[in-house]
Every structure is written in structure tokens, then in C-alpha cells.
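Now for the letters of each chain:
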Amino acid sequence: MEKIFINGGRPLQGEVSIDGAKNAVLALLAAAILCRDTVRLDNIPNISDVSIMLHILDELGADVKRINKNCVEINTRHFHSGVVPHDLTKHFRASYYLLGALFGRFGHARVAMPGGCDLGLRPIDQHIRGFEALGAKVGFEENAVISLQSDQPMGSAIYLDMPSVGATINIMLAAVRAMGNTIIEGAAKEPHVVDLANFLNSMGADVRGAGTDNIKIRGVKELHGCEYACIPDQIEAGTYMVAAAASGGDVLVRGVIPKHMETITAKLVECGARIIEYDEALHVTAPAGLRACKIKTSYHPAFPTDMQSQFGAMLTTANGISIINEGIFDNRFRYMDQLIRMGANVKVDGKVAVIEGVKALRGAQVKCYDLRAGAAMVIAGLMAHGQTEIEDIEFIDRGYVDMVGKLRAMGAEISRRDIPEQHGLRNAG
Ligand code: EPU
């Protein structure tokens with residue numbers, strides 16, 4: 001079992017470069033299915049979710065060529081649209097984009113329900129409603145397989161009950177080659193939704209309004225190949241900004257789109273960090289004692305739920321009482337019990353956490369419950385006195401490129417080692 005070990009208490013110093021956005025690239029990789037030509041995608045992050053998506057495409061008959069560690073070429077000319085089984089989809093949420101993409105290309109799809117981080121109930125009723133509006137006959141088969149079938153997908157008006165990222169992306173994938181016009185009302189506005197629209201338009205689609213709550217799609221018959229570079233990862237950048245601030249550091253976060261970072265930047269400044277904005281970089285410095293704050297996570301452009309855990313870790317030693325209200329998922333505070341093991345003073349009541357700042361955290365053995373909770377454990381380890389040992393770190397590999405190497409380059413005392421499992425001694429929780 002691999003673990004991360006951190007000797008905390010050293011401010012991060014130096015710079016860090018941000019990789020491509022996980023939640024954008026997974027949609028772009030699925031979108032590559034929509035045309036028979038080769039698409040070349042750049043700024044692809046080398047993370048396990050991407051490897052699994054490429055593996056799925058390969059299994060379905062795509063020709064996948066790694067040009068270098070950040071660039072792939074995909075050709076799905078000889079693709080077959082067989083069942084995508086649970087074995088392949090269980091690893092991550094974005095596997096459900098195969099439904100929209102296969103339906104968009106072939107008019108039919110059979111894909112097992114997606115896996116992904118356990119953040120509470122994660123229904124997909126809005127996706128299903130969208131597919132039905134486009135003319136799909138939806139079936140639920142054995143082994144959790146969802147099937148979509150239509151002789152001719154037809155554009156339609158779709159009103160989402162909430163601005164779901166997944167449903168917006170899936171409907172875009174399904175609609176770009178449908179006959180006629182589609183309107184998604186109440187669409188998600190996240191940067192990765194805009195990135196997907198730009199990519200689809202580079203392939204010859206006609207998508208307008210992405211980034212607003214009303215996306216208009218005029219269906220086209222065919223899409224063609226293109227070259228495209230994925231946007232930088234807003235959440236990876238935010239994670240290193242918080243790590244810099246939480247450790248009292250001085251870090252230049254390079255390769256970002258500062259506009260995407262605004263709510264995160266504003267919240268860090270409210271807590272006492274100083275941030276200087278450049279064209280494609282943010283310079284973060286922070287005093288030793290940060291201030292408490294209030295956070296409510298919600299849909300873009302509000303504070304992102306994917307930054308909630310990292311701020312949760314940072315606020316454990318901020319002066320005063322912080323209140324975090326999780327507005328998106330039912331169950332995204334499980335990591336708090338691990339922070340309590342490190343000396344944090346936290347009370348959780350449903351979707352609200354109250355954090356009373358303590359003087360310092362103490363290193364401890366902790367585990368990751370999900371991807372962003374894993375990032376929170378690393379930040380807590382950087383802040384803590386003494387050694388922190390983090391297990392279940394495969395969650396971190398799902399969304400962060402070489403987090404240990406990047407932090408070590410900024411002066412963190414952090415390593416990753418393979419430790420033989422000692423039965424009965426795990427922090428079983
Ligand atoms: N929802 C429904 N019905 C639906 C779809 C969503 O009730 O059909 C609810 C969800 O239960 C949730 C809310 O709507 O309460 C928002 O869900 P959304 O569909 O927006 O989220 P998602 O597509 O499942 C993506 C990201 C998550 C990120 C959320 C919110 C990907 C692959 N995943 O999930 O990323 O937290 O949007 O921004 O893009 C992560 O990267 O760590 C992560 C969890």
C-alpha cells in the first residue's frame with residue numbers, strides 16, 4: 001500500500017505549474033467519439049482518471065496514440081458501440097459522458113452506471129430527461145446498464161431542474177449531431193462546460209451561449225477532426241493556492257486563467273492572504289495567522305464545492321470561527337473526522353460545518369475519503385507539527401498530477417512510499 005508522509009510546518013516557497021483540467025478533459029475525450037477523423041488533444045493531465053478513459057476508448061476500438069505525456073491523438077473511425085460494462089465505468093463519474101457521446105455518434109448507447117467519489121446521492125435523472133427530450137428510448141438493463149436508442153435523435157428544448165455539470169455536458173454531447181435545434185435552459189456555467197463547447201465548435205459543431213444559463217445548439221450532420229488544448233485546472237490551481245496560504249508560504253502559481261480563479265482568490269484574500277494577479281499566473285503570500293471566514297458552496301460562478309475540503313483544512317487554524325455550508329452534495333464533510341484526529345475543533349451538522357480555529361494541527365495517521373478530501377489531508381499535513389501519514393492516496397492520483405513532486409519542489413518535506421499492509425493496524429474508520 002502506497003502512503004504519503006509529510007513532515008509539516010515548512011512554508012511552501014517557489015512556483016508550481018498547473019496541468020490541464022480533469023473535469024474538462026474527461027468531457028473532451030468522450031467528445032472525440034463524435035467524429036470519424038483524428039482529434040489531437042493537448043494539455044492532457046497525466047492522472048489516473050484520464051488513463052482509464054483512454055483505456056475505455058481503446059477497448060471500444062479507438063486508435064489512441066500518446067504523442068507525449070500531455071498530448072494524445074484519438075481516432076474512432078473503427079469504433080464499435082458495444083456495452084461499456086461496470087468494470088470500466090465504476091472508477092469515475094465522467095464515464096457517463098460515454099452515454100451522450102455514443103448516442104450522439106450512433107443514435108444508441110449501452111453504458112453501465114458511473115462510479116466516482118462517494119459524496120452522497122448523485123442521481124442522473126436530469127441526464128435521462130435530457131436524453132428522452134432528444135428522442136431516446138431509455139432502458140435500464142441488468143448489471144446497471146443504461147441503454148439509449150433512437151432512430152433519429154431530434155433537437156429539443158430542455159429545462160434543467162438544477163444547473164448540473166454532468167447533465168449539461170451529456171446533453172451537449174448528445175445534441176450536437178441531432179437534427180434541428182436544442183436549447184438547454186438552466187445550464188451549468190462552469191469553465192469546463194465552456195471548454196467543451198469550444199472544442200465541439202472546433203470540430204464543426206454549432207454551440208452558442210456556453211458560460212450562460214442558456215445554451216443553444218444547432219445540430220450538424222458531421223463533425224471533423226481538430227487540434228485543441230484543454231484549459232488549465234481551476235481546482236488544481238486553487239488547491240496549491242490554499243496550500244501556499246495555509247503553510248504561510250510564498251508561491252507563484254503558473255499557467256492559470258485568473259478569471260476562473262476569482263471566487264477562490266476573493267475568499268483567500270478575505271482570510272488575509274495577499275494575491276497578485278498576472279496574465280497567466282497568481283502570486284500568493286500569506287501571513288502566519290489567517291482569519292476565519294464563511295463559505296457557501298454553490299454552482300458556478302459561486303464558490304466551488306471542489307474547493308470546500310481544501311479550505312476546510314486551512315481554516316482549522318484560522319483565527320476565529322469559520323462556517324462552511326455545502327450547497328451541492330449531501331455528504332462532503334466526512335474528511336472532517338480525519339482533521340479532528342489532527343487536533344481540529346470541528347462540529348458538523350448535516351451540510352454545515354463549524355470550525356473553531358486551534359493554534360496548530362498535530363501530525364497523525366489519516367486517510368483520504370475522496371479526491372478533494374485527499375488534497376485536504378495533504379494541506380493539513382503541510383500545516384501540522386510533526387509527521388502525517390496519509391493512506392488511500394489513489395484518490396489523489398485521480399485528479400492531481402504528481403502532487404508529491406510539485407510540493408517537494410516548493411520545499412515541502414513530503415514523500416510517497418510503498419508500505420506493506422499490516423492487517424488490523426489500519427485507520428479503518
Ligand atoms: N443532480 C441531480 N440530478 C442529476 C444531476 C445532478 O439531482 O441528474 C444533483 C447532484 O446530486 C448534485 C448537484 O445536482 O447535488 C450537482 O451535480 P452535477 O451534475 O453538477 O455534478 P457532477 O456532474 O456529478 C461534476 C464534477 C464534480 C464536481 C461537480 C460540481 C466531473 C466529472 N465531476 O460532478 O467534480 O464536484 O460537477 O461542480 O466533472 C471532483 O472533481 O472532485 C468532483 C467531484
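Below or above, wherever it landed, is the structure these notes cover. Every value quoted in this text rests on a predicted model; they were computed, and no experiment measured them.

With that settled, the discussion passes to the site of the ligand. By nearness alone, 26 residues border the ligand, and Tyr96, Gln126, Ser164, Asp306 and Ile328 come closest of all. At a separation of 3.0 Å, an oxygen atom of the ligand approaches a polar side-chain atom of Arg122. Between an oxygen atom of the ligand and a main-chain N or O atom of Val165, the distance comes to 2.8 Å. Protein chains bury 92% of the 830 Å² of accessible surface belonging to the ligand in isolation. Only helix H1 (22-31), helix H5 (125-133), helix H6 (165-175) and helix H12 (371-383) provide two or more residues apiece to the shell around the ligand. The dominant element in the shell around the ligand, judged by the number of residues it contributes, is H5, at three residues. Taken together, the residues of the shell around the ligand sort by class into 13 nonpolar, six polar and seven charged.

Bringing the packing of aromatic side chains into the picture now. Any pair of aromatic rings gets described here by the distance separating the centres and the angle formed by the planes. Under the definition given, this model contains four aromatic pairs. Here the aromatic rings of Tyr96 and Tyr97 are separated by 5.3 Å at their centres, their planes lie at 50°, and the arrangement is tilted. Side by side, Tyr96 and Tyr97 carry an identical accessibility label, which is buried. The ring centre of Phe5 lies 4.0 Å from the NZ or CZ of Arg417, which sits over that ring.

Another aspect to go through is the sheet that holds strand E14 (residues 250-254). With mixed pairing, the four strands of this open sheet are ordered in space as E2-E14-E16-E15. In this open sheet, the two strands that pair with only one neighbour each are strand E2 (13-17) and strand E15 (274-277). Strand-to-strand, the axes of this sheet are offset by a mean angle of 15°, without reference to chain direction. The sheet contact formed by E2 and E14 spans five bridges and is parallel. Bridge assignment links Val16 to a residue of E14, and that residue is Val253. Each of E2, E14, E15 and strand E16 (281-285) is contacted by helix H8 (residues 234-246), which is oriented at about 25° to E16, the strand it contacts most.

Rules of the game
- Residues numbered from 1 in each chain as written.
- Predicted model: local features only at pLDDT ≥ 70, side-chain atom pairs only at ≥ 80, totals over all residues.
- Heavy atoms only, no water.
- Near = heavy atom within 4 Å.
- Polar contact = N/O pair within 3.5 Å; in protein donor to acceptor, adjacent residues only side chain to side chain.
- Areas by Shrake-Rupley, 256 points an atom, 1.4 Å probe, with all protein chains shown as cover.
- Helix = DSSP H or I, 4+ residues; strand = E, 2+ residues; numbered from the N terminus.
- Nonpolar A, V, L, I, M, F, W, Y, C, P; charged D, E, K, R; others polar.
- Phe/Tyr/Trp six-rings, centres within 6.5 Å; stacked < 30°, edge-to-face > 60°.
- Buried < 20%, exposed > 50% of the residue type's maximum accessible area, 1.4 Å probe, protein only.
- Lys NZ or Arg CZ within 6 Å of the ring centre and 35° of its normal.
- Pairing = 2+ DSSP bridges.
- Axes fitted to C-alpha atoms, helices over the stretch in contact; angles between N-to-C directions.
- Contact = heavy atoms within 4.5 Å.

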